[in-house]
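Each chain, written out:
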Amino acid sequence: MKKLMTGNEALVRGAWEAGVNFASAYPGTPSTEILENMSGYKEVYSEWAPNEKVALEAAIGASIAGARSMASMKHVGLNVAADPLFSFVYQGVNGGMVIITADEPGQHSSQNEQDNRHYAKAAKIAMMEPSDSQEARDFMKEAFEISEQFDTPILMRMTTRLCHSKGIVECAERADVPAKKYEKNIAKHLNPPAIAKKQRILLEDRLVKLKEFSETTHLNRIEDNGKKVGVVVSGMCYCYAKEVFGDDVNYLKLGFTYPLPSELIKKFCTGLDTIYVIEENDPILEEEIQRVGFAPKGKNTFPAYDELTSDVIRKCVFGKTFESVDYDRTKVVARPPALCAGCPHRGLFYELGKKKNVLISGDIGCYTLGFADPYNAMDLNLCMGASFSMGHGAAKKFEMFHEDMRVVSVLGDSTFFHTGINSLVECIYNGSKTVNIILDNRITGMTGHQENPGTGKHADGSDATELDIETVCRSLGAKNIRTINPNNLQLVRETLDWALSLDEPSVIITKYPCVLKKFSEEDKAKFPDAYKTKNIVDKDKCIGCKMCLKSGCPALFLNRDDKKAEIDPLQCVGCDVCQQICPKNAIGKVEK
Amino acid sequence: MTKSVLLVGVGGQGTILASKLLTLGLMEEGFDVKMSEIHGMSQRGGSVSSQVRYGDKVWSPVIEKGSADMIVSFEKMEALRWLEYLKKDGKVVVNDHEMMPMPVIMGKADYAADIIDEIKKACHDVTVVNATEEAVKLGNGKVMNIILLGTIIKAMKLDNIDWDRIVRENVKPAFVEDNLKAIKVGMDLV
């Protein structure tokens, strides 16, 4: 049976065919669709965990209890999950286990471009790298077998293009793999130093066996086209290289990439005049080739950053890309992402951006866009959950040196549950004079609408225990808490002023569903008027002052001809933010 | 011989559904097919692309600069942004529709009035369509993307594929008829 699948869909298919029982994840581009798709396979228990560390720990528990399990995350998510990763590798599995890391060469939707292949070496975990959707399915199936055979979790390294590009995949049915029995075994699954020292020795022994496997597995292969030029390559770069070189070079195609097959590499490189090593980001294959005594063209030929797509390779090797048409590029205007028309973050950032002597500490999500024009309402951001804690540190410094600066920190509902809770504990326990805002849009927005502990739904849409954010904050010891509708600008202003008047930590929760969210029955009951209207400009009243454009709404623009404001009726959902800004009452509303 | 079709537009315009139907049709026809698209941050009103490649054996899912046989742009400025991906003698279909980028809304940049002229100056095979208006005429503004799919079907000579069945199997029943009409409208525009 053939299907057209993204790399992410194919991974899931392979895992399902391999009889996987348990899957846990936290959303993050480009890995999100893995768990989303898995929740469609009813034989598998699939869940969104509050963060990647928790997801991995849950998958580890399932493996030890005897299930085939997996955890998936974006590259920076593995940093969050690094703690369980490094120690679990010592212990090994019961049911086979695969950890998927989805790396982002090109940083399409990420704060860094870290190369998670380094984790394989650092944590001493076996690693596999598929090159297309078919291999994503095939490798995943094989990974569970290798995991159980060598008693190791497997790191499956994906990249954005692989995750999000489609190819034709030959599929099969689900294998009948009985779950393993759980047996208490403290020598394996506890790690006080006396036990862990023994596991440490066994781990080195396992790496020797994995290296032998790497030398002979079909996952690593030579394609000998009888040429004097060779290309060493893994992952998506194999497809890019084949596109450029076709059969004009020999290939060493590596699919099992930790431990690397150094003998096979030596065999391949011997006798070649030129060796290209094509790998996105860091020179990991290159350094291994150098170590065994060869001098390949690697980072001296190809960039260490961004994607190495076919045109990049072509340019680096042959000096030019294909010829294209010529035109005036100065007329191309950048189109950066923007908060959607009707986005409930707009009202908050519109008012927050007006505050003086305030450091605004941001976080990871759609609301990071609050930094941009016209709001300019963010000074810094770093990683998931860091806004409250970085804000705390900054506020303490301002206090110590009696500076006339206040701190407002913002993060989203899902980010709050991810690691923001820990940071709020820091603010409350250590008494920081910070305003901590939770932008509760009732969903994990940026990654495309996944449920979280605050939405009252599970990954498969079934009802879940809803963690009420206000109750959570109160239970952590927060005394000053207000929950508001962010589309009411006057209320936003008053609430910010109230919070900034306090000498102790405060929490503001802006509660309004994301404009793109598919409303649940509960949402419909709680927000019956949301997004039911459209705003329109009364051209007779509009004086073209452009004040409304400062809302930063993509549905608003100045008409070229009459120089007055206009609202795109296809985009507008009637949030009324511009209506409240207009000094001439020129913006009205109509039913949708 | 591998063919490459680049669909470009603004996040939310429906490039993904159009390219999904296109790739399913191509697979049914027996082609090897690959498609690439970028999700995430860029979808929030940013510039988006769906890249479709098909032939006997396709390696890379990513279209190289200067190699697209056809660019279909759901918005005028996006056609100009992606034009360097077009082959020297490639075809452009551009939807005569403007969506203002934030720098223009903020008054920091101009949306040139002669974008279409600029495209025509650079390429000799350009068809300007008003898919947005045609979709409204059909009574469903959302099928603009499917009208543009129709232009690809015609221009790439893929009309022998059973699109009727592809649409019926992959689109919600309530939208099937609108989508089928939209394909036909699109085919008649080029």
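Residues numbered from 1 in each chain as written. Chains lettered and ligands numbered in written order. Predicted model: local features only at pLDDT ≥ 70, side-chain atom pairs only at ≥ 80, totals over all residues.

J.: Would you mind showing me how to read the sheet that holds strand 14 (residues 358–361) of chain A here?
T.: Backbone-to-backbone hydrogen bonds join strands into a sheet, with any given pair of strands oriented parallel or antiparallel. Residue and element names in this part refer to chain A. Taken in spatial order, the 5 strands line up as 14-15-16-18-17 in an open sheet, and their pairing is parallel. Bordering the open sheet on either side are strand 14 and strand 17 (480–484), each of which pairs with just one other strand. Each strand of the sheet is rotated relative to its neighbour by a mean of 20°, with strand direction disregarded. Relative to strand 18 (residues 506–511), strand 16 (residues 434–440) runs parallel, the two sharing 6 bridges. Bridge pairing links isoleucine 437 to isoleucine 508 in strand 18. (Pairing = 2+ DSSP bridges. Helix = DSSP H or I, 4+ residues; strand = E, 2+ residues; numbered from the N terminus. Axes fitted to C-alpha atoms, helices over the stretch in contact; angles between N-to-C directions.)

J.: Got a minute to help me understand the sheet that holds strand 8 (residues 165–170) of chain A in this structure?
T.: Strand order in the open sheet formed by 8 strands is 1(A)-8(A)-2(B)-3(B)-1(B)-4(B)-5(B)-6(B), with mixed pairing between adjacent strands. A strand with exactly one partner marks an edge of an open sheet, and here the two such strands are strand 1 (2–6) of chain A together with strand 6 (125–129) of chain B. Strand-to-strand twist of the sheet, defined as the mean angle between neighbouring strand axes without regard to direction, takes the value 20°. In this structure, strand 1 (residues 3–10) of chain B lies alongside strand 3 (residues 47–55) of chain B, joined through 8 bridges in antiparallel fashion. Bridged to valine 5 of chain B within strand 3 of chain B is valine 52 of chain B. Relative to strand 8 of chain A, helix 7 (residues 133–150) of chain A is tilted by about 55°, and along the sheet it contacts strand 1 and strand 8 of chain A. (Contact = placed C-beta atoms within 7 Å.)

J.: Teacher, can you tell me more about the domain arrangement of chain A here?
T.: How big an interface is tends to be reported as the loss of accessible area on association of its parts. Taken domain by domain, chain A holds domain 1 (2–216), domain 2 (220–318), domain 3 (346–526) and domain 4 (533–591). Using only C-alpha atoms to locate each centre, domain 2 of chain A and domain 4 of chain A end up separated by 56 Å. (Domains from an automatic or database assignment.)

J.: How should the confidence of the model for chain B be read in this particular structure?
T.: Keep in mind that low pLDDT regions are not for reading the predicted coordinates in detail. Of all residues in chain B, 97% have pLDDT values of 70 or greater, and the mean over the chain is 94. Across the assembled chains, the prediction reports ipTM 0.95 with pTM 0.97. (pLDDT = per-residue confidence, 0-100.)

J.: Is there a simple way to think about the packing of helix 1 (residues 15–28) of chain B against helix 7 (residues 163–170) of chain B in this case?
T.: Helix-helix packing is described using two parameters, namely the angle between the two axes and the distance between the axes. Residue and element names in this part refer to chain B. Their axes nearest at 10 Å, the elements helix 1 and helix 7 cross at an angle of 125°. Of the possible angle classes, the one that applies to helix 1 and helix 7 is oblique. Of the two possible hands of crossing, helix 1 and helix 7 adopt the one that is right-handed. Counting all contacts with helix 1, which are made through Leu21, Leu24, Gly25 and Glu28, the residues of helix 7 involved are Trp163, Ile166, Val167 and Asn170. Here the contact of helix 1 with helix 7 is built from residues that sort into 5 nonpolar, 2 polar and 1 charged. (Parallel < 35°, antiparallel > 145°, perpendicular 65-115°, else oblique. Left-handed = near helix turned anticlockwise from the far one by under 90°. Nonpolar A, V, L, I, M, F, W, Y, C, P; charged D, E, K, R; others polar.)

J.: Explain the pairing of strand 15 (residues 406–412) of chain A here, please?
T.: For a regular strand, the rule is simple: side chains alternate between the two faces of the sheet. All names here are of chain A. Of all 7 residues in strand 15, 7 are buried; the element is thus mostly enclosed. Relative to strand 16, strand 15 is paired through 6 bridges, and the arrangement is parallel. Within strand 16, the position partnered with valine 408 by the bridge is valine 435. (Buried ≥ 20, exposed ≤ 12 C-beta atoms within 10 Å, placed from the backbone.)

J.: Please clarify how the nonpolar core should be interpreted in this entry.
T.: Proteins that are soluble and globular tend to have nonpolar side chains buried together. Judged by nonpolar contacts, the single largest core of 225 residues is most densely connected at Ala55 and Met156 of chain A together with Ile71 of chain B. Setting aside residues up to four positions removed in sequence, isoleucine 71 of chain B forms contacts with Leu6, Val8, Ala79, Trp82, Leu83, Tyr85, Leu86, Gly90 and Val92 of chain B. (Core = buried A, V, L, I, M, F, W, Y, C linked by C-beta atoms within 7 Å.)

J.: Even after reading the chapter, I still don't get the environment of histidine 97 of chain B, so can you show me in this structure?
T.: Residues and elements named next belong to chain B. Secondary-structure assignment places histidine 97 in the loop between strand 5 (86–95) and helix 3 (102–105). Sequence-wise, histidine 97 and methionine 77 are 20 residues apart; in three dimensions their C-alpha atoms are separated by 8.9 Å. Other than its neighbours up to four places away in sequence, histidine 97 contacts Glu75, Lys76 and Thr132.

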